[in-house]
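Understanding the architecture of this molecule
The primary structure of each chain is shown beneath.
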Amino acid sequence: MTNTMYIGPSIRGVVKHGAAFSGGLPARVKKLADAKPIIKNLIVPVSDLADAIKRSNEEGSAVAVAYDRISELTETEIKKIMEGV
């Protein structure tokens, strides 16, 4: 299984910037990814980390757009998505 890292903004109670995963995603991150698939652009293989960080600084790239969209989630939206987890 591929080791991955989350390079998006920290989301209180869900995931912190720089969190590393092996063996799949934790339930809370998976639930958020199911509701907001764009977040998957911010969960990258560790082997691609340098390239993904570079792309995050390129306006209009999938990584940069995903970062902005996830940053715009409100605490209320996140709580609603996380219900039952």
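Described below are features of the structure shown in this document. In this text the structure is predicted, and so the values were computed from the model without any measurement.

Grouped together as the largest cluster of nonpolar side chains are 23 residues, with contacts concentrated most on Tyr6, Ile7, Ile11, Leu32, Ile39 and Leu42. Of all the elements in the fold, those that place two or more residues in this core are β1 (4-6), α1 (27-35), β3 (43-45), α2 (49-56), α3 (62-71) and α4 (75-82). Filtering out sequence-adjacent residues up to four positions away, Leu32 remains in contact with Ile11, Val14, Ile39, Leu73, Ile81 and Met82.

What follows covers the pattern of salt bridges. Scanning the model with the defined rule gives 3 salt bridges in all. Salt-bridge contacts for Arg55 lead to Asp51; the nearest nitrogen and oxygen are separated by 2.7 Å. Placement of the pair is Arg55 and Asp51 together in helix α2, with a separation of 4 residues, close to one helical turn. By relative accessible area, which is 41% here, Asp51 ends up partly exposed.

Take α1 next. Turning to α1, its buried residues number three or more, namely Val29, Leu32 and Ala33. Looking straight down α1, one finds its buried side chains confined to an arc of 100 degrees; they lie on one side. Counted as exposed and oriented over 90 degrees from the buried face of α1: Ala27 and Asp34. Summarising the contacts, the buried residues of α1 are in contact with β2 (20-21), β3 and α4.

What counts, and at which threshold
- Residues numbered from 1 in each chain as written.
- Predicted model: local features only at pLDDT ≥ 70, side-chain atom pairs only at ≥ 80, totals over all residues.
- Heavy atoms only, no water.
- Core = buried A, V, L, I, M, F, W, Y, C linked by side-chain atoms within 4.5 Å.
- Buried < 20%, exposed > 50% of the residue type's maximum accessible area, 1.4 Å probe, protein only.
- Helix = DSSP H or I, 4+ residues; strand = E, 2+ residues; numbered from the N terminus.
- Contact = heavy atoms within 4.5 Å.
- Salt bridge = Lys/Arg side-chain N within 4 Å of Asp/Glu carboxyl O.
- Arc of directions from axis to C-beta.

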